[in-house]
Structures are given as C-alpha cells and as structure tokens.
Amino acid sequence: MYPSRILRADKGPKPNLTGFDIGKFAASAGQPRYDPWERAEAWRYTGQFSRWNRFNRAFPGLGIATVAFAGYLAYEQLFLKDEHHGHGEEHH
C-alpha cells in the first residue's frame, strides 16, 4: 500500500477550521414565512410566459411545417415513382 493512501485513510470528518457549520445554518434559516418578491415574480411563470407557451413561441410554425413535410414525403413515395430504372440509357 502506498504511504499517501495510509495518510489519507478515513479518520472521520475533518475538523472545521472556521467553526461555521453550513448544515446548522440552513436548518435554522428554514423557509421564509413571507417572500416580498413572490407576487412581483409570479408573472414570469404563468399565462403567456409559462414553460409550454415559451417553448411553443420559440419555434413558430414548426408543427405545421412538420405535418406538411411528412405529407409531401408520403405523396412522393406513393405517387412520384421514378420510371427510368436501369435501362442502360443515359438521358441528359
């Protein structure tokens, strides 16, 4: 075994040099009873600014374009057959 691994062996939690425990601080803070900015920020996540509406407005026309392109591909496969297969003649 390497000497550095022996020195780094688990000896329990390291002592905190500052004496500040973030876990105790977070537990004592808890949830604020009243957020003064809650009403002011609520508009960002509702109505026309909801996540779904922001996604839809980011790509206007994507749904219609996708359906139109799929329809064209189906039309091309069904009705536009290439009639010049392997005849040995080259037409320019």
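The chain is annotated in an unreviewed UniProt entry as NADH-ubiquinone oxidoreductase B12 subunit family-domain-containing protein of Microdochium bolleyi. Taken verbatim from the UniProt record of the chain, the Subcellular location (unreviewed entry) comment is "Mitochondrion inner membrane". Taken verbatim from the UniProt record of the chain, the Sequence similarities (unreviewed entry) comment is "Belongs to the complex I NDUFB3 subunit family."

Undergrad: Whenever I open this one, the overall build of the chain confuses me. Can you help?
TA: Looking only at helices and strands, the chain features five helices and zero strands. Counting from the amino terminus, the chain carries its helices and strands in the arrangement α-α-α-α-α. Relative to its 92 residues, the chain shows a buried fraction of 1%. Accessible surface for the chain amounts to roughly 9,800 Å². Of this, 61% is attributable to carbon and sulfur atoms.

Undergrad: Help me out: how do you make sense of the UniProt feature "transmembrane region" (unreviewed entry) in the chain in this one?
TA: What UniProt calls "transmembrane region" (unreviewed entry) maps, in this numbering, to residues 58-75. From the first C-alpha to the last, residues 58-75 spans 29 Å; its make-up is 83% helix and 0% strand.

Undergrad: Explain the packing of aromatic side chains to me, please; I cannot follow it from the model alone.
TA: Here a ring pair, both rings aromatic, is described through the centre-centre distance and the interplanar angle of the planes. Taken as a whole and assessed by the stated rule, the structure comprises five aromatic pairs. With centroids separated by 5.9 Å and ring planes inclined at 45°, the aromatic side chains of Phe-20 and Phe-25 adopt a geometry described as tilted. Among the residues examined, Phe-20 registers a relative accessible area of 47% and is labelled partly exposed. Among the residues examined, Phe-25 registers a relative accessible area of 48% and is labelled partly exposed. Between the aromatic rings of Trp-43 and Phe-49, the centroid separation amounts to 5.3 Å while the plane-to-plane angle is 80°, which identifies the pairing as edge-to-face. A relative accessible area of 35% means that Phe-49 is categorised as partly exposed.

Undergrad: Sorry if this is basic, but what is going on with helix α2 (residues 22-29) here?
TA: The periodicity of an α-helix, 3.6 residues per turn, causes residues three or four places apart in sequence to face the same way. Among the eight residues of α2, zero are classified as buried, and the element is accordingly described as predominantly exposed. Of the residues that open α2, the one with a side-chain oxygen 3.3 Å from the backbone nitrogen of Gly-23 is Asp-21. A positive phi of about 60° marks Gly-30, the residue just after α2.

Undergrad: It is not clear to me how a nonpolar patch on the surface should be interpreted in this structure. Could you clarify?
TA: A surface patch of nonpolar side chains, about 770 Å² in accessible area, is lined by Phe-69, Tyr-72, Leu-73, Tyr-75, Leu-78, Phe-79 and Leu-80. Following the sequence through the fold, Phe-69 ends up in helix α5 (residues 62-79).

Undergrad: Is there a simple way to explain the environment of Arg-54 in this structure?
TA: Of note, Arg-54 is situated in helix α4 (residues 51-58). Classification of Arg-54 as partly exposed rests on a relative accessible area of 42%.

Undergrad: Explain the confidence of the model for the chain here, please?
TA: Residue-level pLDDT values for the chain average 80, and 76% of them are 70 or greater. Per-residue pLDDT, averaged within each element of the chain, yields its smallest value for helix α1 (residues 3-7) (65) and its largest for α5 (95).

Parameters and conventions
- Residues numbered from 1 in each chain as written.
- Predicted model: local features only at pLDDT ≥ 70, side-chain atom pairs only at ≥ 80, totals over all residues.
- Heavy atoms only, no water.
- UniProt positions renumbered as here; feature names shortened; annotations may be inferred.
- Helix = DSSP H or I, 4+ residues; strand = E, 2+ residues; numbered from the N terminus.
- Buried < 20%, exposed > 50% of the residue type's maximum accessible area, 1.4 Å probe, protein only.
- Areas by Shrake-Rupley, 256 points an atom, 1.4 Å probe, with all protein chains shown as cover.
- Phe/Tyr/Trp six-rings, centres within 6.5 Å; stacked < 30°, edge-to-face > 60°.
- Polar contact = N/O pair within 3.5 Å; in protein donor to acceptor, adjacent residues only side chain to side chain.
- Patch = residues over 30% accessible without salt bridge, like charges linked within 9 Å, V, L, I, M, F, W, Y side chains within 5 Å.
- Salt bridge = Lys/Arg side-chain N within 4 Å of Asp/Glu carboxyl O.
- pLDDT = per-residue confidence, 0-100.

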